[in-house]
Amino acid sequence: LRAVRPPWSANALALAALTAVARRPEALAAAAARADAERGDLATRLAEVPGLRTWPSAANFCLVEVTDGPRVAAALRDRGIAVRPAASFPGLGPNHLRIAAREPAANARLAEALAEVLAGEPVKAG
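Residue positions within a chain follow its written sequence, with the count starting from 1. Per-residue local features are limited, in this predicted model, to residues with pLDDT of at least 70; the limit for side-chain atom pairs, both in listing and counting, is 80 or more; totals at the level of whole chains, interfaces and linings are taken over all residues. To get the side-chain values, all heavy atoms of the structure are used, and hydrogens and water are removed first.

1. Brief notes about the overall build of the chain
Next, step 1: Starting at the N terminus, helices and strands are each numbered in turn, a helix being any DSSP run of H or I of at least four residues and a strand any DSSP run of E of at least two. Helices and strands together make up the secondary structure of the chain, namely 4 helices and 4 strands.
Next, step 2: The linear arrangement of helices and strands in the chain, starting from the amino end, is α-α-β-β-α-β-β-α.
Next, step 3: When its C-alpha atoms are laid out on the principal axes, the chain stretches across 50 × 40 × 30 Å.
Next, step 4: Two residues form a contact once any of their heavy atoms are found within 4.5 Å. Partitioning the intrachain contacts of the chain with sequence separation of at least 6 by distance along the chain shows that 61% fall at a separation of at least 24.

Written as structure tokens, this is what we have:
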């Protein structure tokens, strides 16, 4: 079954949640609008970070490429910021990171920390 299963299959719980959400299109539209605004904010901030390659996105995250993905992910983690290494995704490598979009204040914090890490600045306490 693994050989023919789609790579991003959905389980029964996810399908039940999708069915429930489909019954409330206004809530779904509001969530989609919020995710779109948050992603747009994050993409704008990431575009201003030197040393970062980004791609357009329609999801609630942005894909970036840095020169040393494992070091950058670890340095962000030391600052209390989690990003997802994307090396396990087909076609991507260890220098690709998937960054979830959040509210503007969190996006600003992430972009600032990412700029500091890429510039080689030390970890700030707290």
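The rest of the description comes next.
2. Quick look at helix 2 (residues 25-47)
Next, step 1: By this rule the span expected of a helix is its residue count minus one, scaled by 1.5 Å. Between its first and last C-alpha atoms helix 2 spans 32 Å; for 23 residues at 1.5 Å apiece the expected length is 33 Å, and the two agree.
Next, step 2: Of the surrounding elements, those touching the buried residues of helix 2 are strand 1 (53-54), strand 2 (61-65), strand 4 (96-100) and helix 4 (104-118).

3. Details of the nonpolar core
Taken as a class, soluble globular proteins show a tendency for nonpolar side chains to be buried jointly.
Next, step 1: Remark: nonpolar core denotes a set of buried residues (Ala, Val, Leu, Ile, Met, Phe, Trp, Tyr, Cys) joined through side-chain atoms within 4.5 Å. Three labels apply to residues, based on accessible area from a 1.4 Å probe with only protein chains included: buried if under 20% of the type maximum, exposed if over 50%, partly exposed otherwise in between. Ranked by internal contacts, the top residues of the largest apolar core, which has 21 residues, are Leu 46, Leu 76, Ile 99 and Leu 114.
Next, step 2: Looking at this core, the elements with two or more residues in it are helix 2, strand 2, helix 3 (69-78), strand 4 and helix 4.
Next, step 3: Broken down by element, this core gets its largest block of residues, 5 residues, from helix 4.
Next, step 4: With residues up to four places along the chain from it excluded, the contact list for Ile 99 reads Leu 42, Leu 46, Phe 61, Cys 62, Val 64, Val 83, Leu 110 and Leu 114.

4. Here's the deal with the pairing of strand 4
Next, step 1: Note that strand 2 and strand 4 share 5 bridges and pair antiparallel. Bridged to Val 64 within strand 4 is Leu 97.
Next, step 2: Each pair of strands is called paired provided DSSP finds at least two bridges between the two strands. Sheet topology places strand 3 (residues 84-85) next to strand 4; 2 bridges connect them, and they run antiparallel. Across the sheet, Arg 84 pairs through a bridge with Arg 98, a residue of strand 4.

5. Side note on a nonpolar patch on the surface
Next, step 1: Put simply, a patch holds well-exposed residues, over 30% relative accessible area, that have no salt bridge, with like charges counted together within 9 Å and Val, Leu, Ile, Met, Phe, Trp or Tyr side chains within 5 Å. Using the Shrake-Rupley algorithm and a 1.4 Å probe, accessible areas are obtained, with residue cover drawn only from the displayed protein chains. Between Lys or Arg on one side and Asp or Glu on the other, a salt bridge is scored when a side-chain nitrogen of the former is within 4 Å of a carboxyl oxygen of the latter. On the surface, Leu 15, Leu 18, Val 21 and Leu 28 cluster together into a nonpolar patch covering about 350 Å² of accessible area.
Next, step 2: With 3 residues, the top contributor of residues to the nonpolar patch is helix 1 (residues 12-22).
Next, step 3: Its place among the elements puts Val 21 in helix 1.

6. Brief notes about the side chain of Glu 38
Next, step 1: Mapped onto the fold, Glu 38 is located in helix 2.
Next, step 2: Discounting residues that sit within four places of it in the chain, Glu 38 has contacts with Ala 101, Arg 102, Glu 103 and Asn 107.

7. Regarding the packing of aromatic side chains
Next, step 1: Pairing of aromatic rings covers Phe, Tyr and the six-membered ring of Trp, with a centre-to-centre limit of 6.5 Å; geometry is then stacked below 30 degrees between planes, edge-to-face above 60, and tilted otherwise. In the structure shown here, the tally under the stated rule is 0 aromatic pairs.
Next, step 2: Just above the ring of Phe 61 sits the side chain of Arg 98; from NZ or CZ to the centre is 4.5 Å. In this scheme, Lys NZ or Arg CZ marks a charge over a ring once it lies within 6 Å of the ring centre and within 35 degrees of the ring normal.

8. Observations concerning the packing of helix 3 against helix 4
Next, step 1: All axes are obtained by fitting lines to C-alpha atoms, using only the stretch in contact for helices, and the reported angles, taken between N-to-C directions, cover 0 to 180 degrees. Look at helix 3 against helix 4: their axes get within 10 Å of each other, and the N-to-C directions meet at 130 degrees. Comparing their axes, helix 4 and helix 3 come out oblique. For the pair helix 3 and helix 4, the crossing hand works out as right-handed. Across from Arg 71, Val 72, Ala 75 and Leu 76 in helix 3, the residues of helix 4 making contact are Ala 113, Leu 114, Val 117 and Leu 118.
Next, step 2: As a working rule, the residues Ala, Val, Leu, Ile, Met, Phe, Trp, Tyr, Cys and Pro are called nonpolar, Asp, Glu, Lys and Arg charged, and the rest polar, with Gly in that last group. Looking at the contact of helix 3 with helix 4 residue by residue, the classes come out as 7 nonpolar, no polar and 1 charged. Orientation labels follow simple angle bins: below 35 degrees gives roughly parallel, above 145 gives roughly antiparallel, 65 to 115 gives roughly perpendicular, and whatever is left gives oblique. Two helices cross in a left-handed way if the nearer one is turned anticlockwise from the farther one by less than a right angle. They cross in a right-handed way if the turn is clockwise.

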